[in-house]
Structure formats: C-alpha cells, structure tokens
Amino acid sequence: MTDKPEPTKTKKPEKGQKTPEKDLSGDKDIVLNGNYRLIAEEPLSYLDKGKIKAYRAMGNTQHGANLFALICDKSMTPRFQSKTKYMNISNPNLCKLVQSGKIFWPSEKQERYCFVYEDTIGQPIIKRDDKNPALGWKPENILSNIVDPMVTVLKEFRNKELSHGEIWPGNMFDGGSKAGQKINLGECLSSPASSNMPALYEPIERALADPMGRGPGDISSDIYALGASLAVMLRSENPMKGQTDAQIIEHKIEKGSYATLLGKERLSGAILELLRGLLYDDTAQRWTIDDIEAWQDGRRLSPKQSPKRAKATRPIMFQDKKYTRPELLAKDLFHDADQAAKLIENNEMDQWVDRAIEDKLIKSRLEQSLQDIAGYERGGSYNNRATVAVAHALYPDCCVQYKSVSFHPQGFGKYLTQSYVESKNIEPFVETIRYSFIAPIIHESNMLDKSTLLSNFELSRNYLNQKSLNAGFERCLYIMDPEAPCLSPILDKYYVQTSMDMMNAFEDICQKSLKATILFDRHVISFLSAKDRQNIDPYLSELSTNDPRKKILAQLKILATIQKRLNLDYYPAIAQWILKSFDPVLSYFHDSKKSETLKSKVEKLAKEGNLQGMAALFDSPNLYGHDVENFFQAKKHYKKLEDEKKLIEKELAKGNRYGQNTGRQVASVISMGFAFLIMGFSIYKTFLGG
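Residues numbered from 1 in each chain as written. Predicted model: local features only at pLDDT ≥ 70, side-chain atom pairs only at ≥ 80, totals over all residues. Heavy atoms only, no water.

## Considering the environment of Ala 225
Then step 1. Residue placement: Ala 225 occurs in helix H4 (residues 219-234).
Then step 2. Ala 225 has contacts with Ile 167, Met 197 and Tyr 201, leaving out every residue within four places of it along the chain. (Helix = DSSP H or I, 4+ residues; strand = E, 2+ residues; numbered from the N terminus. Contact = heavy atoms within 4.5 Å.)

## Things to note about the pairing of strand E4 (residues 67-71)
Then step 1. Among the five residues in E4, five count as buried, and that is most of the element.
Then step 2. By the alternation rule, side chains of E4 split into Leu 67, Ala 69 and Ile 71 and Phe 68 and Leu 70, which are all buried.
Then step 3. Across five bridges, the pairing between strand E3 (residues 53-59) and E4 is antiparallel. In the sheet register, Ala 57 faces E4, and the bridge partner there is Leu 67.
Then step 4. The sheet contact formed by E4 and strand E6 (residues 110-118) spans five bridges and is antiparallel. Residue pairing across strands places Ile 71 opposite Cys 114, the latter belonging to E6. (Buried < 20%, exposed > 50% of the residue type's maximum accessible area, 1.4 Å probe, protein only. Pairing = 2+ DSSP bridges.)

## Looking at helix H12 (residues 360-374)
Then step 1. Between its terminal C-alpha atoms H12 stretches 21 Å, which fits the 21 Å expected from 15 residues at 1.5 Å a residue.
Then step 2. All of the buried residues in H12 are Ile 362, Leu 366, Ser 369 and Ile 373. The arc that holds every buried residue of H12, seen down its axis, measures 65°, which confines them to one face. Seen from the open side of H12, the exposed residues pointing more than 90 degrees away from its buried face are Lys 360, Leu 361, Gln 371 and Ala 374.
Then step 3. At its buried positions, H12 is contacted by helix H9 (326-332), helix H11 (348-356) and helix H13 (382-394).
Then step 4. The N-capping residue of H12, defined by a side-chain oxygen 3.0 Å from the backbone nitrogen of Leu 361, is Asp 359. (Expected span 1.5 Å × (residues − 1). Arc of directions from axis to C-beta. Polar contact = N/O pair within 3.5 Å; in protein donor to acceptor, adjacent residues only side chain to side chain.)

## Overview of the sheet that holds strand E1 (residues 30-32)
Whether parallel or antiparallel, the strands of a sheet pair through hydrogen bonds between backbone atoms.
Then step 1. In space, the six strands of this open sheet follow the order E1-E2-E3-E4-E6-E5, with antiparallel pairing throughout. Each end of this open sheet is capped by a strand with a single partner; those strands are E1 and strand E5 (97-105). Across the sheet, the mean angle from the axis of one strand to that of its neighbour is 35°, orientation sign disregarded.
Then step 2. In this sheet, strand E2 (residues 36-43) lies alongside E1 in antiparallel orientation, the contact comprising three bridges. Note on E2: the bridge partner recorded for Leu 32 is Tyr 36. (Axes fitted to C-alpha atoms, helices over the stretch in contact; angles between N-to-C directions.)

## Some remarks on the state of the cysteines
Cysteine pairs can be covalently joined through their sulfur atoms, and such a bond is termed a disulfide.
Then step 1. Under the counting rule described, the total for this entry stands at zero disulfides.
Then step 2. Here Cys 95 is not disulfide-linked; the sulfur of Cys 188 is the nearest cysteine sulfur, at 9.5 Å.
Then step 3. Classification of Cys 95 by relative accessible area gives buried; the value is 1%.
Then step 4. For the unlinked cysteine Cys 398, the closest cysteine sulfur is that of Cys 399, found at 4.3 Å. (Disulfide = S-S within 2.5 Å.)

## Considerations on unusual backbone geometry
Then step 1. Unusually for a residue other than glycine, Ser 194 sits at a positive phi of about 70°.
Then step 2. Relative to the assigned elements, Ser 194 resides in the loop between strand E8 (184-185) and helix H3 (204-207).
Then step 3. Judged by its relative accessible area of 3%, Ser 194 falls in the buried class.
Then step 4. Phi angles above zero are rare outside glycine, and Lys 403 is one such case at about 55°.

## Some thoughts on the packing of aromatic side chains
Then step 1. This structure, assessed with the given rule, holds 19 aromatic pairs.
Then step 2. Plain terms: the ring middles of Phe 68 and Tyr 117 are 5.6 Å apart, the flat faces sit at 25° to each other, and that makes the pair stacked. Taken together, the residues Phe 68 in strand E4 and Tyr 117 in strand E6 connect sequence positions 49 residues apart.
Then step 3. Taking the relative accessible area as the measure of exposure, Phe 68 reaches 2% and is therefore buried.
Then step 4. Taking the relative accessible area as the measure of exposure, Tyr 117 reaches 0% and is therefore buried.
Then step 5. Seen from their ring centres, Tyr 415 and Phe 429 are 5.1 Å apart, and the 85° between their planes marks the pair as edge-to-face. Linking Tyr 415 in helix H14 (residues 412-421) with Phe 429 in helix H15 (residues 427-435), this pair joins segments that are 14 residues apart in sequence. Taken as a pair, Tyr 415 and Phe 429 share a single burial class, namely buried. (Phe/Tyr/Trp six-rings, centres within 6.5 Å; stacked < 30°, edge-to-face > 60°.)

## Here we look at H4
Then step 1. With 16 residues, H4 extends 23 Å between its outermost C-alpha atoms, agreeing within 8% with the 22 Å of an ideal straight helix rising 1.5 Å per residue.
Then step 2. Within H4, 15 of the 16 residues are buried, which leaves it mostly tucked inside the rest of the structure.
Then step 3. Capping the start of H4, Asp 218 holds a side-chain oxygen 3.1 Å from the backbone nitrogen of Ser 220, two or three residues further along.

## Considering the nonpolar core
Then step 1. Ranked by size, the top nonpolar core spans 118 residues in total, and within it Met 349, Leu 491, Phe 582 and Leu 611 carry the most contacts.
Then step 2. Among the nonpolar cores identified, the runner-up in size contains 68 residues, and Ile 89, Leu 185, Ala 231 and Tyr 495 belong to it. (Core = buried A, V, L, I, M, F, W, Y, C linked by side-chain atoms within 4.5 Å.)

## A short note on the pattern of salt bridges
Then step 1. Going through the model one piece at a time under the given rule, you end up with 27 salt bridges.
Then step 2. Residue Arg 128 is joined to Glu 166 by a salt bridge in which the shortest nitrogen-to-oxygen separation is 2.8 Å. Residue Arg 128 is located in the loop between E6 and helix H2 (139-159), and its partner Glu 166 is located in the loop between H2 and strand E7 (172-173); the two are separated by 38 residues in the primary sequence. Each member of the pair, Arg 128 as well as Glu 166, carries the same accessibility label: buried.
Then step 3. Bridged by salt links that share partners, the residues Lys 49, Arg 128, Glu 166 and Glu 187 form one connected network. (Salt bridge = Lys/Arg side-chain N within 4 Å of Asp/Glu carboxyl O.)

## Thoughts on the pairing of E2
Then step 1. With antiparallel pairing between neighbouring strands as the criterion, E1 and E2 make up a hairpin whose turn holds three residues, including Asn 33 at a positive phi of roughly 55°.
Then step 2. Strand direction decides the pairing type here: E2 and E3, joined by five bridges, are antiparallel. Paired with Ile 39 across the two strands is Arg 56, which belongs to E3.

## Some remarks on the packing of helix H18 (residues 472-480) against helix H20 (residues 522-531)
Two quantities define a packed helix pair, namely the angle between the axes and the distance from one axis to the other.
Then step 1. For the pair H18 and H20, the least separation of the axes is 9 Å and the interaxial angle reads 40°. With respect to H20, the element H18 is oriented oblique. Considering how the two elements wind past one another, H18 and H20 form a crossing that is right-handed. When H18 is examined against H20, the residues Gly 472, Glu 474, Arg 475 and Tyr 478 are found in contact with a partner set consisting of Arg 522, His 523, Ser 526, Phe 527, Ser 529 and Ala 530.
Then step 2. Here the contact of H18 with H20 is composed, by residue class, of three nonpolar, four polar and three charged. (Parallel < 35°, antiparallel > 145°, perpendicular 65-115°, else oblique. Left-handed = near helix turned anticlockwise from the far one by under 90°. Nonpolar A, V, L, I, M, F, W, Y, C, P; charged D, E, K, R; others polar.)

## Description of the packing of H14 against H18
Then step 1. It is at 8 Å that the axes of H14 and H18 come closest, and there the two elements cross at 135°. It follows that H14 is oblique to H18 by the angle criterion. For the element pair H14 and H18, the recorded crossing hand is left-handed. Residues Phe 412, Gly 413, Leu 416, Thr 417 and Tyr 420 of H14 form the contact with H18, whose participating residues are Phe 473, Leu 477 and Met 480.

Have a look at this one:
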C-alpha cells in the first residue's frame, strides 16, 4: 500500500540522472503530510458516516497514536475551506481536528481527501441507522451533561461564523463515560453540511430538500437540531414510530415540531421552556444563543407566539387528495407538474387562494408569480417551471422542487457535484441555470450572500450558452461549487483542488506514460479558468485552433505560466510529453539551421523540466519575423538566379553564335588596351629613352 500522490513538486534532476518513476501501489504505508500514518487494516466502523469511512491513524507528533481518520468520498465535497475556522475552535466537547489533506487510498487506487482527528470522543450515543429513537433520559442529566457543553460549542461556531450541520445523537459521543454523563460532538467537515443529517433533526424547510441540496445552514438550524436531539433523548416513547420522513414533515407542518417530536410526553419547568424555544418552526421566533444563555442564567423569557399557519376554509383537490394547508400543497405540486399547471391555467389556484385563504401575503406572492409565469418561454419544461413559481408563492420557505431534484439555492452546487459524479440525470440542474427561474426566489430570500449567489447563477447561465473551451456545463459546475475538485476523466485517480495539484498530477501521469494524447479537456480548461483566468484564458484562442503548432505552443505556455506564477519546481516528465509532439513547431521554420539549434535547446530544457525556458524560446515575435524575412530574401535571390539561368539557357539555345557579340566586345576592349600600351611605350622610347 502507498500514499503516493499527492505527487510532490519535481526537483530539477542532476545532470545525466534519470527522473525516478512513480508507482502508486508500491509503498507499505499510507502517510499524510509526512507525520500521520493511516492504518487501512483497522477500520473503525462505529465512526463511519455513510460513504465516509473511518480508520485508525497514528501520528509522529505530540498527538501520538490516539487518532482516527475519515476518508472522504469524491461525490460529497468536503468542507476543506472551513477547516481553519474549525481548527481555531478550542473546546473539549468538540472532536479535535489535527490534520487534513490528500492521500493515495489503495483499495480505490486513487487519491482521496481525508481528515485526521483525536480519538477521544468515545462511542456514539446511538447507532447511525437508529435515526428516530426514544432514549428516556432524565431532564436533570440532560441540562448539566448535554445542554451546557453543547451551548458552549454552538457559541464557538457562531463566533467563527460557521455552522456545524450535523448535530444529532448519531454524531454525539459518550467520551468514554456512561451514557448521558458526558457528551462530545462529532466532526462536520468530511461532507457538506446536513448531507448526513436525518430529516427529523432539520427544520421543516431544510428537511424537504435532498440532503445534498440543503445548503450550509446557519446557527439557527443548528439550534433547532440541538432541540430535536434533546427531544429524542428526553422522550420515553416515539409518537412517530414507523413514519416516513415525508409523513413526519407533514405532521410538523400540521401540528408543529414540538408536538411531532414529543407527542403527549409530559415535561415541565425549565426544560419545557427550553425545548419550545429551540423548536420554534418560525426561524424569526426561534431562540438564539443569547436567549439560551439568558435562560441558563435563570431569566424567564416571555413566550413567543409563532404566527398561525394559513388554513383554507375549503380544500383544493390535487392528485385525488384534499389540501387545506398551502404549505402541504406546495411541497407536493412537483409530483405532477402537468396537473399543477392545469390548476394554474384554469384559475382554480388563484380562486382558491383568493376565496378560501384569507392571507394577503400569499395572495400578493401568487399574483407576482403569475406575472412571472406569463413571461416564461412556452414548451419543454414550462409546466415544471410554473409549478416552482406557484409553490414558492404558497410556501416561500420551501426548497426548490424541480422535476427530480429538490434543493435550496445555496445547496445547488454541492448537489450538482454529487449528481454529476454519481452519473445521475443532470438535465434539471442545467435547465435551472438556463431558464433562471429561481432568480425571484433568491431575490426575495433573507440570505446574507444572495448577491453572490445571483451573480454565480447569472455567470453560469452566460457560460452555458457559450461554445468556448472554458464554457459550457463544466464551467458552471466549478462556479457553483468552488470546493469541487477537478472532475476530468484524465484526473480520475487524483484529487485536484488547485493549479499546483494539477501540475503534480500531470507530472505523475506523464511519468507513467508519454503516450498520453491529451491533458487539456473541457474540465481541465474550465477548472483552471475558474480558479485563475490568467493561467489559461490568454491562450484559449490558440488552444482551440486546428493548427497543431499553435495548439502545442498554447499547452506549453499554459503549463509554463502556472509554473512561473506559482514559482514551482521543474517538471521533466511533462516537458518530455510536450517534446513528443513538438515536430509541428520545429518544422514550421524555413531555416533548417535555426530549427536544429532550437531543437537542441528545447531538448536540453526539457531534460531539466524547465517549461518556462521552453516557452520563452518561442515567445519572441522577432523569432518568426526574422525567419520569414530571411526566407523572403532567399526566395528573391533564388528567383534572380533562376532568371539568370533561364537567360543563359536561352542564349545557349542559339548554337555557335552564343557569346559572339560578347566575345567581340571583349576582344575590342583588349585590343584597345594593347594599342594604348604600345603607343605609350613608343612615346616613352622616343622622348625619354633617347
């Protein structure tokens, strides 16, 4: 077994030294960052989180042997951008992160991202497949052993502007003590927030979405999750035993979360007040951390009255079922978009809201939605888009339910990544971007980052309609999920998060086989362009040409630019790969001596892996200009010689008379020369010689 790549930056080889080959399956240890060893033979199944598997780990630092590692799955983008904030939380009741990074995982023969934690949290309170238990713990133990430590953890997360996203008994641990005496909260970074969270512990609107599409959540959803966790710990019976998630959600809408989770459970005093405060379904009314701390200090808080949910005086029929709650109708409309569209087109929906539901806000939202629908492009998925708009009017906090997908706008990117990696139907995601029908939903939301989200959707829509190599669906994916690794088939065995990762992966690929025919597909190009456009965008026109010389030089320039801008070491394998296809570049020159000289220089630089140097050789505009000018002058000279040759051949064709005129002229000149010479000699002889 091995921990090979993350391939390290390639050092410049000594003169005459062969670059060592990389073998991803030859080492014995799986090592992370040189200090932590993962032991694949010792799985820790009680710490598994679905697709994310746990194994024992050992460290060479002060953390020693008491560690465990979580191996992430590529379909569930880990929250590596939040790891610094998480590591800065120092709380004995939170699973402590000690290191993270990429390792080569032998069983899958590919790179995986992993997190290494201190293994001091103990055993889980419940098994993860027991999602809806009734533990019957005593309230006095709950208050001191669970509420107090969990509130300190939540306060730390709030102060770091971070949400946990996985607070429930299946992710709570006993710390080695008897159940209920000490509680430690498990980690939350190895997968997107809420993606491993049972719907029971999510607020209604988040529970309706696919787990991967719930979005990052916030401190309010964490507080609700804590309240739901306390409820299942306290109750002695489960009033919703055997019910599906859909049935539990429907009951929450009808009766409220408190009644759904606790039923007829008799609670009194402080714990009752706490649970009611944590389980308010109205986010605006739900307790905050400050409210909880005030309650801990003994202050009685005035009970908040949640607004009553609207209820129609007469039902509306949909799929042979009667509906009086607009929220329940909204969550079910997407099951039959064609029938939902009929309710909209024949004004039955409008009349029901107007006459049976006395709620001006719902009526106003529906009128606005109907105006938006009037501007929709007909055909195709019109009914589905219209259904989303009307559902939002009836239940503005509900997730977007479009065809086969359900998500909150902030969870769109992670959900898209998972669907693509798992080869699911991504057409609903593409249509969501193309038609931009969720823009009004984002506009009307209370999201803190809605301007960024709107911008990303609009940017994605623009790229989706473009044909350039850095556009299309691939570019949309990396815009909507900035944490997604590069998902190119070329890099299937690697976990590429940065441009440097990509260079190292390319070096490893080229070391294994110089026969690799392509390194730049649409995924690679879109990923690089999304991460840093300066690395690749200036060369896109050359990269997309049919001219092999320009295409080869464009690839070289891109790789050299990354090497230079990131101040990376040399990459001899990549350079040799480039060299294999360099003939069109060298054969372009007319001057064979220049071509041979450049070839010699390129080969020398390629052995060193100096991509910058190779690119620089062909970067001067005078290089080609001089070659063309010299070639032009040579052609002129050649033509002149050809003309002279033709003239001579013409004269030769005249037979014996060829050259007579010229001969006579030459003879005359010579004769005159001799005459003058003799005359001069005679004069000298007569006057000076005596």
